[in-house]
Amino acid sequence: MEGIPSIFSLSAVAALLAAVGFFVVQRFIKPVDMETHQGFLDAMLSIVGTLVSILLGLLVAAALEDYEALEISVDKEAAAVAHVFRITAGLPADTRDRIRNVCITYCDQVVNVDWPIMEKGKIPHESFFTLSKLVNEAAIFEPKTEGQNNLHAEMLSAVSDIVDYRRDRMLVLHSNRQQNLMPVLLMCSIIVLVFAYLYTRRGTIFHGVLISMVAIALGANLSLVYVLTNPFKADWKIQPRGFILNKKALEQLRSRPELMKLYHIKSDAPGPSSGAK
C-alpha cells in the first residue's frame, strides 16, 4: 500500500475486516430472533452509536486543534530565529556575527537534522546545543547604549520564544496520547460493528455492504486521529516551512552583495548545507 494515504488504506482494511467478520458471523452464529429483540437492539445501537460518534468527534476536533497549534508553533519558532538575526544589526560587530552564525547553524540543523530524527519518533539533540549557544550569547551580552539595551531586551524575548516553541515540538514526541486513545477507540468501533452484525439475515449482501460503509467511516476517523497525533511522521507531517524559508532568504542575501553589505553579513559566514548531516 506504499504511496496510498493511510486514511484510505486503513479505511479499506477496516471495511474488508468488517465484511469478513459479518459473513463469518452469518455463517457460524445462530441468528437472533428479531421479532423478540428488534426494539432492544434498535435502542442499544442508537445509544452506543451516539456515544461513539460523540467520542470520535471530540477526539478528532481536539487532535486537529493540537495539530494546527503545533504547526503554528513551528512557524513562529522560525520567525523568532529570523527576528533575532535581524535585530542583531544594531549590536557590536563581533557579537552580531557570532549570534547570526548561530542562527544560521540552527536553521540548517532544524531542517537537515531535527526533522529526519523526529520522523523516527526520536528526540534531536544537536540543535539543542546550538540553541544553548544562542541563549548564552544573548544572556552574556552587555549593552553599552540605550539603543543596544532596547535591542538586547527584544533579543532576549525572541530567544525565549525560540526555546518555548522548540519545547512544544519535543513534548509532542514524548506524548503517549495515541497509545492511550487507540485501544479505547478500537473497542468502541468493534462494539458498534457487533451490534450491527446482530440484525436480520435477509438481504445478507446488502447488509454486508452497509456494514462495510459503517466500517469505512469508523476507519477514516480512527486513521484521522492517528495522522493528527503523529504530526512528524504520518501523511500530514508538519514541514519546517519557516526554517526552509530562512535558509532560502540567506541564500538570496549571499547572491546579492549589496544586501550582504546592508545586513552586515560576511562572505565567509557559514552557509546552509544542501543535505542532511
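These numbers were taken from a predicted model, which means no experiment stands behind them. (Residues numbered from 1 in each chain as written. Predicted model: local features only at pLDDT ≥ 70, side-chain atom pairs only at ≥ 80, totals over all residues. Heavy atoms only, no water.)

Details of the overall build of the chain
And then number 1: Secondary structure assignment for the chain yields 9 helices and 0 strands.
And then number 2: Across the chain, helices and strands are ordered from the amino to the carboxyl terminus as α-α-α-α-α-α-α-α-α.
And then number 3: In the chain, which comprises 277 residues, the proportion classed as buried is 40%.
And then number 4: Contacts in the chain between residues at least 24 apart in sequence constitute 77% of all its contacts with a sequence separation of at least 6. (Helix = DSSP H or I, 4+ residues; strand = E, 2+ residues; numbered from the N terminus. Buried < 20%, exposed > 50% of the residue type's maximum accessible area, 1.4 Å probe, protein only. Contact = heavy atoms within 4.5 Å.)

Notes on the confidence of the model for the chain
And then number 1: Within the chain, residue pLDDT values average 82, and 84% of them lie at 70 or more.
And then number 2: Mean pLDDT per element in the chain: helix α9 (residues 257-262) is the minimum at 57, and helix α4 (residues 126-140) is the maximum at 93. (pLDDT = per-residue confidence, 0-100.)

Side note on the packing of aromatic side chains
And then number 1: Applying the stated criterion to the full structure yields 4 aromatic pairs.
And then number 2: The lysine or arginine in question, arginine 100, covers the ring of phenylalanine 85, its NZ or CZ lying 4.5 Å from the ring centre. (Phe/Tyr/Trp six-rings, centres within 6.5 Å; stacked < 30°, edge-to-face > 60°. Lys NZ or Arg CZ within 6 Å of the ring centre and 35° of its normal.)

Some details on helix α7 (residues 204-228)
And then number 1: Taking 1.5 Å as the rise per residue, α7 with 25 residues should run 36 Å; its terminal C-alpha atoms sit 36 Å apart, in good agreement.
And then number 2: Residues His207, Gly208, Ile211, Ser212, Ala215, Leu218, Gly219, Leu222, Ser223, Val225, Val227 and Leu228 constitute the buried set of α7. (Expected span 1.5 Å × (residues − 1).)

A word on the packing of helix α3 (residues 93-119) against α4
And then number 1: The contact between α3 and α4 brings their axes to 9 Å, and the two run at 160°. Classified by the interaxial angle, the pair formed by α3 and α4 is roughly antiparallel. Helix-helix and strand crossings are classified by hand; for α3 and α4 the assignment is left-handed. Between α3 and α4, the residues in contact are Arg98, Ile99, Val102, Cys103, Thr105, Tyr106, Gln109, Val113 and Asp114 and Glu126, Ser127, Thr130, Leu131, Lys133, Leu134 and Glu137, respectively. (Axes fitted to C-alpha atoms, helices over the stretch in contact; angles between N-to-C directions. Parallel < 35°, antiparallel > 145°, perpendicular 65-115°, else oblique. Left-handed = near helix turned anticlockwise from the far one by under 90°.)

Examining the environment of serine 73
And then number 1: In this fold, serine 73 is placed in helix α2 (residues 34-87).
And then number 2: According to the relative accessible area criterion, serine 73 is buried, its value standing at 5%.
And then number 3: When the C-alpha positions of serine 73 and tyrosine 165 are compared, they lie 5.6 Å apart, and in sequence the two are 92 residues distant.
And then number 4: Once residues within four sequence positions are removed from consideration, serine 73 is found in contact with Tyr165 and Asp168.

Considerations on the nonpolar core
And then number 1: Within the largest apolar cluster, 36 residues are counted, with the highest numbers of intra-cluster contacts made by Val84, Leu134, Met155, Ile162 and Phe243.
And then number 2: Every element with two or more residues in this core is listed here: α2, α3, α4, α5 (146-174) and α8 (241-254).
And then number 3: Among all residues touching leucine 134, those that are not within four sequence positions of it are Val84, Ile99, Val102, Cys103, Val159 and Ile162.
And then number 4: Ala18, Phe22, Val48 and Cys188 belong to the second-largest nonpolar core, a separate cluster that totals 22 residues. (Core = buried A, V, L, I, M, F, W, Y, C linked by side-chain atoms within 4.5 Å.)

Points about the pattern of salt bridges
And then number 1: Across all of its chains, the model carries 10 salt bridges by this definition.
And then number 2: The residue arginine 98 makes a salt bridge to glutamate 137 at a minimum N-O spacing of 3.1 Å. Highlighted residues: arginine 98 in helix α3 and glutamate 137 in helix α4, separated in sequence by 39 residues.
And then number 3: Of the residues examined, glutamate 137 reaches a relative accessible area of 14% and is grouped as buried.
And then number 4: Taking the shortest distance from any N to any O, the salt bridge between lysine 247 and aspartate 108 comes out at 3.4 Å. (Salt bridge = Lys/Arg side-chain N within 4 Å of Asp/Glu carboxyl O.)

Quick word on a nonpolar patch on the surface
And then number 1: Taken together, Leu16, Val20, Val24, Phe28 and Ile29 make up a surface patch of nonpolar side chains, about 510 Å² in accessible area.
And then number 2: Tracing the sequence through the fold places phenylalanine 28 in helix α1 (residues 6-28).
And then number 3: Judged by relative accessible area, which is 62%, phenylalanine 28 ranks as exposed. (Patch = residues over 30% accessible without salt bridge, like charges linked within 9 Å, V, L, I, M, F, W, Y side chains within 5 Å. Areas by Shrake-Rupley, 256 points an atom, 1.4 Å probe, with all protein chains shown as cover.)

What about the side chain of threonine 130?
And then number 1: Relative to the elements of secondary structure, threonine 130 occurs in helix α4.
And then number 2: Overall, threonine 130 belongs to the buried group, its relative accessible area being 7%.

Some thoughts on the state of the cysteines
And then number 1: Enumeration over the complete set of coordinates arrives at 0 disulfides.
And then number 2: No disulfide involves cysteine 107; its nearest neighbouring cysteine sulfur is the one of cysteine 103, lying 6.9 Å away. (Disulfide = S-S within 2.5 Å.)

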